Amino acid sequence: MRPTNRRQPREIDWQPPMSSSNPMSDVVLTVGHKEFASCVSNVVQNFAPHDIIGAYFIDPSMTMRVMFTGGGIPAIPDFPQLASQHYASRFWKQDPAVRRLFDWASGADRTFVVCQRWDEIPSGEYRNFAYEQPSMLERVSLFRTFSEGCVLLSFYRSNASNHFSSDELGIVEMQADILAAATVRHFQLCRSQAVLRPVRS
């Protein structure tokens with residue numbers, strides 16, 4: 001079994017995007033458009049390569065909705081779509097990283113970042129389906145609460161891609177505020193277009 005290196009969520013002071021000179025300006029420009037998901041993934045690939053991206057919204061009634069997914073793994077091409085639906089409808093409340101994020105974010109006006117490895121998840125159906133069967137290794141997640149609920153933006157790596165390095169995680173943390181703010185705004189704009197559909201168990 002791989003060694004466990006449990007990381008605690010990290011709190012990050014939130015600041016809104018200040019100007020188009022920000023290196024994440026392409027992300028900001030695609031907020032509310034169908035290109036947003038691929039743009040976020042492509043930009044983050046430059047400093048933290050990943051195999052899968054997934055974004056979710058959790059409302060005050062604790063219903064999770066899938067905002068978007070992308071990427072994939074060769075052995076299971078449709079795994080991101082399949083896994084995101086099962087995660088939102090069945091598994092997310094079993095996710096120890098999300099439980100920690102909710103604890104940390106309670107009443108905080110900040111973005112939080114946490115990295116969770118496969119062996120930090122208790123053995124069971126969730127770990128088997130989402131990590132062991134598809135050979136997924138770990139994910140790094142950004143979490144932010146706002147007036148209407150909270151967003152979870154995650155980047156996943158498979159065994160073939162190895163772990164995120166400390167340098168990669170450090171850059172994700174530095175860019176977390178703008179990524180989280182853009183994801184929140186993207187949700188708000190897309191909601192009016194009725195593109196988000198609730199996933200219920």
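These numbers were taken from a predicted model, which means no experiment stands behind them. (Residues numbered from 1 in each chain as written. Predicted model: local features only at pLDDT ≥ 70, side-chain atom pairs only at ≥ 80, totals over all residues. Heavy atoms only, no water.)

Moving on, we get to the overall build of the chain. A tally of helices and strands in the chain yields six helices and six strands. Starting at the N terminus and walking to the C terminus, you meet the elements of the chain as β-α-α-β-β-α-α-β-α-β-β-α. For the chain, the residues scored as buried account for 54% of the 201 residues in total. The long-range share in the chain, meaning contacts at least 24 apart out of those at least 6 apart in sequence, stands at 67%. Accessible surface for the chain amounts to roughly 9,500 Å². Of this, 50% is attributable to carbon and sulfur atoms. (Helix = DSSP H or I, 4+ residues; strand = E, 2+ residues; numbered from the N terminus. Buried < 20%, exposed > 50% of the residue type's maximum accessible area, 1.4 Å probe, protein only. Contact = heavy atoms within 4.5 Å. Areas by Shrake-Rupley, 256 points an atom, 1.4 Å probe, with all protein chains shown as cover.)

Our next topic: the pairing of strand β3 (residues 64-71). When strand β2 (residues 52-58) meets β3, the two strands line up antiparallel, connected through seven bridges. By the bridge assignment for β3, Tyr56 is matched with Val66. Taking the residues between adjacent antiparallel strands as the criterion, β2 and β3 are bridged by five residues, where Met62 takes a positive phi near 65°. (Pairing = 2+ DSSP bridges.)

This model, assessed by the stated rule, comprises five salt bridges. Between Arg90 and Glu125 there is a salt bridge, with its nearest N and O atoms 2.2 Å apart. Of this pair, Arg90 sits in helix α3 (residues 79-91) while Glu125 sits in helix α5 (residues 125-132), and the two are 35 residues apart along the sequence. With its nearest N and O atoms 3.0 Å apart, the salt bridge here joins Arg127 to Glu132. By relative accessible area, Arg127 is classed as buried at 9%. (Salt bridge = Lys/Arg side-chain N within 4 Å of Asp/Glu carboxyl O.)

What follows covers the packing of aromatic side chains. Enumeration according to the criterion identifies 13 aromatic pairs in this entry. Seen in terms of ring centroids, Tyr56 and Tyr87 are 5.2 Å apart; in terms of plane orientation they differ by 55°. Their pairing is tilted. Taken together, the residues Tyr56 in strand β2 and Tyr87 in helix α3 connect sequence positions 31 residues apart. Taking relative accessible area as the criterion, Tyr56 reaches 3% and is therefore assigned buried. With 6.3 Å between their ring centres and 40° between their planes, Trp92 and Phe102 make a pair best called tilted. One end of the pair, Trp92, is in the loop between α3 and α4 (96-105); the other, Phe102, is in helix α4, with 10 residues separating them in the sequence. (Phe/Tyr/Trp six-rings, centres within 6.5 Å; stacked < 30°, edge-to-face > 60°.)

Core analysis: the largest hydrophobic core is formed by 33 residues, its most contacted members being Val27, Val40, Phe68, Leu142, Leu153 and Phe155. No other element matches helix α6 (residues 166-191), which puts eight residues into this core. If near-sequence neighbours (up to four positions away) are discounted, Leu153 is found in contact with Val40, Ile53, Gly54, Ala55, Phe68, Val140, Ser141, Leu142, Leu179 and Thr183. Residues Val98, Tyr126, Cys150 and Leu152 belong to the second largest nonpolar core, which totals 31 residues. (Core = buried A, V, L, I, M, F, W, Y, C linked by side-chain atoms within 4.5 Å.)

Let us now look at the confidence of the model for the chain. In this model, the chain carries an average pLDDT of 86, and 84% of its residues clear a pLDDT of 70 or more. Overall, residues 1-6 carries pLDDT values under 50, and its contacts beyond four positions in sequence, including any with other chains, amount to 16 contacts. Across residues 9-20, confidence stays below pLDDT 50; counting only partners more than four residues off in sequence or on other chains, it has 31 contacts. (pLDDT = per-residue confidence, 0-100.)

Another point: α4. Residues spaced three or four apart along an α-helix point in a common direction, a consequence of the helix completing one turn every 3.6 residues. Considered for burial, the residues of α4 that qualify are Pro96, Ala97, Val98, Arg100, Leu101 and Ala105. Buried residues along α4 sit against α3, β4 (110-117), β5 (136-146) and β6 (149-158). Where α4 starts, the residue carrying a side-chain oxygen 3.0 Å from the main-chain nitrogen of Ala97 turns out to be Asp95. (Polar contact = N/O pair within 3.5 Å; in protein donor to acceptor, adjacent residues only side chain to side chain.)

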